[in-house]
Amino acid sequence: MNNSRLARTAGWLALPCLVAAGLLAWYVTREPASPFGASDSADAALVSRGEYVARLSDCVACHSLPGKAPFAGGLEMATPLGAIHATNITADREHGIGAYSLADFDRAVRQGVAPGGRRLYPAMPYPSYAKLSDDDVRALYAFFMKGVQPAAEANIPSSIPWPLNLRWPIALWNGLFAPTTAYAQKPDQDPLWNRGAYIVQGPGHCGSCHTPRGLAFNEKALDESGAPFLAGALLDGWYAPSLRQDHNTGLGRWSEAEIVQFLKTGRNRHAVVYGSMTEAFNNSTQFMSDDDLGAIARYLKALPGDPRRDGAPWQYQAMAAAPDAPGAHTYATRCASCHGADGKGQAEWMPPLAGATSMLAAENASAINITLNGSQRIVAAGVPDAYRMPAFREQLSDREIAEVLSFTRSAWGNHGGAVQAKAVGELRGHTDPASSSPIILHMR
């Protein structure tokens, strides 16, 4: 009797379990709906528009390599689970996206789902690209199908081991963290603000670097409704600073015109692009229209800072002519000729260290990284910059770098805090010096 009752109970439980398993299997393998049919015609104007959208989205930075065919993939990206490689997104039918319909392309770009229901890793910033408009997706598709030469370059498999390389759990991650609707205009904001919000949140995917992430590696906020949005984050050995109106670690001291200047020329009186931002400038922001840059600046200036997080506003404090603090001599002999004995830099070419975000932020990764490895060359309007930060990893020990950074992060009113030699050694171990050669990626 007991065995019979147990069997009946197990039978009743098996049915809902099978239904749940079937629903889960459907959910993680389904192809989401798309507003597009098969393919649209693509004239020259649409292809040109798509090229501009690709610039806004900085597709070339991940999907191209120097000396290789544009958009043929291959870039290695480290993840906590293993390395993955950017894929071939040319119109090659075997290795690229040549067999994609417009609907297939839309699902991949905005929802992270390749044909057949295969989930893409969210290293592809589809949580941001989800906000792309239908018109921009259509134009982007036209560019990749008609404006980019097909390249028969095979994709490189990831090194993520089984079972961590199973893709179906990404569907559950998407359900929790990835939006599925395009950007909606805010009726209480003007057109310039809305255009800036669209670019920053959508194609520009600024939050991918500048928004802190949660335990599931999700961005903690995807728009201005969340306080963490663009509040600064550590990524790949660099600290992407706040883009909000934080006085010390953000854009609180920058005017709209200075934001535009920085994105257009790679420099202003406050800073020069370096680290990961160099790639964004070289490949994307300098090619944006003045109207779009102005829209970005308008939107960013509208994002409030957080005085509790940012601390008391920085003010310049003059120092003794010859300070005797550890690291002061190294600064005088290695750094002052460019950044000035007073820390104020030289006009817009050599950035100031007095009041620099890297000297005020509690997170010291950027300060260590650029001192160890130097900076890439800025390539503006096709011309490589004559000035770049050199790498000091072969000239200074971990202790010497820690001392000079501790000095600069406490001089001239800076309050970023001391740097430990151990932190320098750890970053030295898994980073490489920046190339002194210009890196130019071609769109066509």
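Residues numbered from 1 in each chain as written. Predicted model: local features only at pLDDT ≥ 70, side-chain atom pairs only at ≥ 80, totals over all residues. Heavy atoms only, no water.

Peer 1: Help me out: how do you make sense of a nonpolar patch on the surface in this one?
Peer 2: A surface patch of nonpolar side chains, about 440 Å² in accessible area, is lined by Trp162, Leu166, Trp168 and Leu172. Checked against the element boundaries, Leu172 lands in helix α7 (residues 168–177). With relative accessibility at 35%, the residue Leu172 sits in the partly exposed group. (Patch = residues over 30% accessible without salt bridge, like charges linked within 9 Å, V, L, I, M, F, W, Y side chains within 5 Å. Areas by Shrake-Rupley, 256 points an atom, 1.4 Å probe, with all protein chains shown as cover. Salt bridge = Lys/Arg side-chain N within 4 Å of Asp/Glu carboxyl O. Helix = DSSP H or I, 4+ residues; strand = E, 2+ residues; numbered from the N terminus. Buried < 20%, exposed > 50% of the residue type's maximum accessible area, 1.4 Å probe, protein only.)

Peer 1: Honestly, the nonpolar core in this entry has me stumped. Any pointers?
Peer 2: As a rule of thumb, nonpolar side chains are buried together in soluble globular proteins. If you look at the biggest cluster of nonpolar residues, it comprises 70 residues, and the most contacted ones within it are Phe71, Phe105, Phe143, Phe144, Ile296, Tyr299 and Leu300. The element that contributes the greatest number of residues to this core is helix α6 (residues 134–147), accounting for eight residues. Excluding anything up to four places from it in sequence, Leu300 contacts Val200, Leu230, Leu243, Gln245, Leu251 and Ile259. Membership of the second largest hydrophobic core comes to 25 residues, among which are Met359, Val404, Ala411 and Val419. (Core = buried A, V, L, I, M, F, W, Y, C linked by side-chain atoms within 4.5 Å. Contact = heavy atoms within 4.5 Å.)

Peer 1: Honestly, helix α4 (residues 102–111) in this entry has me stumped. Any pointers?
Peer 2: Each turn of an α-helix holds 3.6 residues, which means side chains three or four residues apart point in the same direction. With ten of ten residues buried, α4 is to be regarded as a mostly interior element. On the buried face of α4, the contacting elements are β3 (113–114), α5 (126–129), α6 and α7. Directly after α4, the chain includes Gly112, whose backbone phi takes a positive value near 70 degrees.

Peer 1: How do you make sense of the pattern of salt bridges when you look at a structure like this?
Peer 2: Evaluation of the coordinates by the stated rule reveals 19 salt bridges. The partner of Arg195 in a salt bridge is Asp292, and the shortest N-O contact between them spans 2.8 Å. Of this pair, Arg195 sits in helix α8 (residues 191–201) while Asp292 sits in helix α12 (residues 290–301); the two residues are 97 residues apart in sequence, bridging distant segments of the chain. By relative accessible area, which is 7% here, Asp292 ends up buried.

Peer 1: It is not clear to me how unusual backbone geometry should be interpreted in this structure. Could you clarify?
Peer 2: With glycine set apart, most residues show a phi of negative sign, and most peptide bonds adopt trans. Between Trp162 and the following residue, Pro163, the backbone shows a cis peptide bond with an omega angle of 5 degrees. Mapped onto the elements of the fold, Pro163 is located in the loop between α6 and α7. For Phe71, which is not glycine, the phi dihedral falls at a positive 65 degrees. For Phe71, a relative accessible area of 0% corresponds to the buried category.

Peer 1: Sorry if this is basic, but what is going on with the side chain of Arg107 here?
Peer 2: By secondary structure assignment, the location of Arg107 is in helix α4. Among all residues touching Arg107, those that are not within four sequence positions of it are Glu31, Pro32, Ala33, Ser34, Gly112 and Val113.

Peer 1: Before we go on, may I ask you to explain the UniProt feature "domain: Cytochrome c" (unreviewed entry) in the protein in this structure?
Peer 2: Under the local residue numbering, the UniProt record ascribes the feature "domain: Cytochrome c" (unreviewed entry) to residues 45–148, 191–304 and 322–412. Spanning residues 45–148, this segment combines 44% helix with 12% strand, and its end C-alpha atoms are found 15 Å apart. Between the first and last C-alpha atoms of residues 191–304 the distance is 20 Å; the span itself is 39% helix and 5% strand. (UniProt positions renumbered as here; feature names shortened; annotations may be inferred.)

Peer 1: Would you take a moment to explain α8 for this structure?
Peer 2: With eight of eleven residues buried, α8 lies mostly within the body of the structure. In this structure, the buried residues of α8 make contact with α2 (44–57), α5, α6 and α12. Its side-chain oxygen placed 3.1 Å from the backbone nitrogen of Leu192, Asp190 serves as the N-cap of α8. (Polar contact = N/O pair within 3.5 Å; in protein donor to acceptor, adjacent residues only side chain to side chain.)

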